[in-house]
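Fold and contact review
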Amino acid sequence: MHCRILILILFITLMSGQSLFNRFVGTDPFIGSARSTAMGNTHLLNSTGSTNVRFNPANLGIMTSRLGFNFQLNRSSVFERWSIPIKDFFGEYFANADYVANEFNYYDFSGGIYWAPILGNLAFGIDYSPLTHFSYEYLEEVRGDYDTATEEDEYASKDPLIGYQNLTTDGALMLSSIGCGYNMNFTDIININIGASINQINSSGISDRTNIDTLKLYDTYGYPTYSDIANLSNYPDVDQSSEIPKSSFISLSTQLTINSHSIIGVSWEGKANSETTAHITSIDSTNGLFQYWDSSTIEDSIFYTVNGINYIKPEMKSLAFNYIADADHGISLSFEMNQISYNGHLNLNDYQQIKFGFEYLTQLGTPIRGGLVYRTAFIPAMKPVSMFTFGSGKSIGNLEIDYAGTYSFQSFNYPDLFPVEGDIRADYDLVRDSQLNLQLALTYQF
């Protein structure tokens, strides 16, 4: 119990998120099973069920069950705060004051079926799972001024709500995968497995909406008493959508079982490009970050710079090692390294992930899982992040129940998303973004 509490505390304090840029680069495109997610996102050697079809098709050839299917629910919760620096009477920095607090949820699911083996040592599997999503929601309440001194005994707020500034993007890509794995036995202990899969990114859509909602206050006679919109942005409303065509990539993997304690795995996953017929993406030259608005092209004109999408699912090369101290009543340790390459797409950096995960079986057979991930930054202006993961599971006959969770937090500086004409603010806003991701998976094996 104390171990679970410690893992949860560490997990809540040290992870990363950047939902503001979902529209441009999507969320993490490597979403795996609940078990492998809980063990530090070590998907290569710790994936379960049909998720092996994408991440390690070689593992299909050594699954113990003849037939199985799985279903998984995923939920992502985002909480985002925007702050501006405030100063004391002497002009010195005092604190950051929040003026926006947004929260939104995103749900998706995955599932599949696998046959292992069917023909001798050959096994097959089919998987349907999310690849990434581009959803983001921004809602800002705008306050104004109201002079209550004009009438005696009048009760009113001195900072009434005068409107809302909204930005919403929506879109997701789902992945259909089919693959096979083959097991080659050299001795009673040493085994080599190879596998391959074809992964199709299904066609989808993406949409953008922005609008400025203006409110008015009225007196008891029905006359407007407040109509000052000086604190509202004059940005135009946007309502646009685009269709994303399908694309595909392949996955190859092999793993070597050295003995009953040690397994080594290697995999390669190709890149894929999903782009709309027309697409525009703008990067601010002053800070290197993606931008939604631009007023530098034509004087006194403001444009929503995003149109369509040019999304790259990056190439990934992975190397993993598992050490199993005791398969029944012990601890399993996992190490994995990923080299992820964008090849200069949208000025994104190639980046690396170093992962560590563990699974400990209690005397009651309940697994306790956790992990640590270190990831370098793929957006040039961002910083590297460290991540913690956790989870557990339960077996009831042929049914396996697994759950996992990840929490993330990251802060960075970004210009005001809806600036107001005449604003003398010199500093960038401080954006603090935290994400809680939960997974619940059900697997039934015959």
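Treat the numbers as computed from the prediction; the structure is a model and nothing was measured. (Residues numbered from 1 in each chain as written. Predicted model: local features only at pLDDT ≥ 70, side-chain atom pairs only at ≥ 80, totals over all residues. Heavy atoms only, no water.)

What to know about the overall build of the chain
Each helix and strand counted, the chain has 5 helices and 23 strands in total. Here the chain, with 446 residues, has 50% of them falling under the buried criterion. For the chain, contacts bridging at least 24 residues in sequence account for 70% of all contacts bridging at least 6. Approximately 21700 Å² of the chain is accessible, and the part contributed by carbon and sulfur atoms is 58%. (Helix = DSSP H or I, 4+ residues; strand = E, 2+ residues; numbered from the N terminus. Buried < 20%, exposed > 50% of the residue type's maximum accessible area, 1.4 Å probe, protein only. Contact = heavy atoms within 4.5 Å. Areas by Shrake-Rupley, 256 points an atom, 1.4 Å probe, with all protein chains shown as cover.)

With respect to the pattern of salt bridges
Overall, the coordinates contain 9 salt bridges when judged by the stated rule. With its nearest N and O atoms 2.8 Å apart, the salt bridge here joins Glu 269 to Arg 54. Of this pair, Glu 269 sits in strand 12 (residues 262-269) while Arg 54 is found in helix 5 (residues 52-55), placing the two residues 215 residues apart along the sequence. In this pair, the class of Glu 269 matches that of Arg 54, namely buried. For Glu 336, the salt bridge is made with Lys 355, and the minimal N-O distance between the two is 3.7 Å. (Salt bridge = Lys/Arg side-chain N within 4 Å of Asp/Glu carboxyl O.)

Comments concerning unusual backbone geometry
Notably, Leu 346 is not glycine yet its phi reads approximately 50 degrees, a positive angle. By secondary structure assignment, the location of Leu 346 is in the loop between strand 18 (331-341) and strand 19 (351-361). In this model, Asn 347 sits at a positive phi of 60 degrees, which is unusual for a non-glycine residue. Take Asn 347: it is sitting in the loop between strand 18 and strand 19.

Focus: the environment of Asp 427
Along the chain, Asp 427 falls in the loop between strand 22 (399-414) and strand 23 (429-445). We classify Asp 427 as partly exposed; its relative accessible area is 41%. For the pair formed by Asp 427 and Pro 85, sequence separation is 342 residues and the distance between their alpha carbons is 7.5 Å.

Section: the environment of Tyr 407
Along the polypeptide, Tyr 407 turns up in strand 22. Remark: the alpha-carbon pair of Tyr 407 and Gln 435, spanning 28 residues in sequence, is separated by 5.4 Å.

Regarding the nonpolar core
Phe 21, Trp 82, Leu 167, Tyr 292 and Tyr 414 are the most contacted members of the largest nonpolar core, which has 41 residues in total. Going through the elements one at a time, helix 2 (22-25), strand 1 (67-87), strand 2 (93-119), strand 4 (136-143), strand 5 (161-185) and strand 22 are the ones with two or more residues in this core. The element best represented in this core is strand 4, accounting for 3 residues. If sequence neighbours within four positions are ignored, Tyr 414 has contacts with Leu 20, Phe 21, Trp 82, Leu 289, Phe 290, Gln 291, Tyr 292, Tyr 428, Asp 429 and Val 431. One finds Leu 173, Ile 201, Ala 272 and Tyr 311 within the second-largest nonpolar core, a separate group that totals 11 residues. (Core = buried A, V, L, I, M, F, W, Y, C linked by side-chain atoms within 4.5 Å.)

Comments concerning the confidence of the model for the chain
Predicted confidence across the chain gives a mean pLDDT of 85, with 85% of residues reaching 70 or more. When the criterion is pLDDT under 50, residues 1-16 qualifies, and its contacts beyond four places in sequence or with other chains add up to 38 contacts. (pLDDT = per-residue confidence, 0-100.)

Considering the environment of Tyr 164
Here Tyr 164 is to be found in strand 5. Judged by relative accessible area, which is 24%, Tyr 164 ranks as partly exposed. For the pair formed by Tyr 164 and Glu 140, sequence separation is 24 residues and the distance between their alpha carbons is 5.6 Å. What Tyr 164 contacts, discounting residues up to four positions off in sequence, is Leu 139, Glu 140, Glu 141, Asn 211, Ile 212, Asp 213, Leu 215 and Leu 232.

Topic: the packing of aromatic side chains
For the coordinates displayed, the defined rule picks out 25 aromatic pairs. Judged by centre distance (6.2 Å) and plane angle (55 degrees), the rings of Phe 21 and Phe 290 are tilted. Residue Phe 21 is found in the loop between helix 1 (2-13) and helix 2, and its partner Phe 290 is found in the loop between strand 13 (272-275) and strand 14 (293-294); the two are separated by 269 residues along the sequence. As far as burial versus exposure is concerned, Phe 21 and Phe 290 are alike and both buried. (Phe/Tyr/Trp six-rings, centres within 6.5 Å; stacked < 30°, edge-to-face > 60°.)

A word on a nonpolar patch on the surface
Among the surface-exposed residues, Ile 190, Leu 256, Ile 258, Ile 264, Val 266, Leu 319, Met 337, Ile 354 and Tyr 374 lie close enough to one another that they form a single nonpolar patch of about 720 Å² accessible area. Within the secondary structure, Ile 354 sits in strand 19. Residue Ile 354 is classed as partly exposed on the basis of its relative accessible area, which comes to 47%. (Patch = residues over 30% accessible without salt bridge, like charges linked within 9 Å, V, L, I, M, F, W, Y side chains within 5 Å.)

Comments concerning the side chain of Glu 336
With respect to the helices, strands and loops of the structure, Glu 336 is situated in strand 18. Judged by its relative accessible area of 3%, Glu 336 is buried. In this structure the side chain of Glu 336 is engaged in a polar contact, spanning 3.0 Å, whose partner is the side chain of Asn 338. Setting aside its immediate chain neighbours within four residues, Glu 336 contacts Asn 41, Thr 42, His 43, Leu 44, Ser 318, Leu 319, Ala 320, Gln 353, Ile 354 and Lys 355. (Polar contact = N/O pair within 3.5 Å; in protein donor to acceptor, adjacent residues only side chain to side chain.)

Brief notes about the side chain of Asp 402
Structurally, Asp 402 is set in strand 22. We classify Asp 402 as buried; its relative accessible area is 6%. Here Arg 369 takes part through its side chain, which lies 2.9 Å from a polar atom of the side chain of Asp 402. The residues contacting Asp 402, other than those within four sequence positions of it, are Ala 34, Arg 369, Ser 392, Gly 393, Gln 439, Leu 440 and Ala 441.

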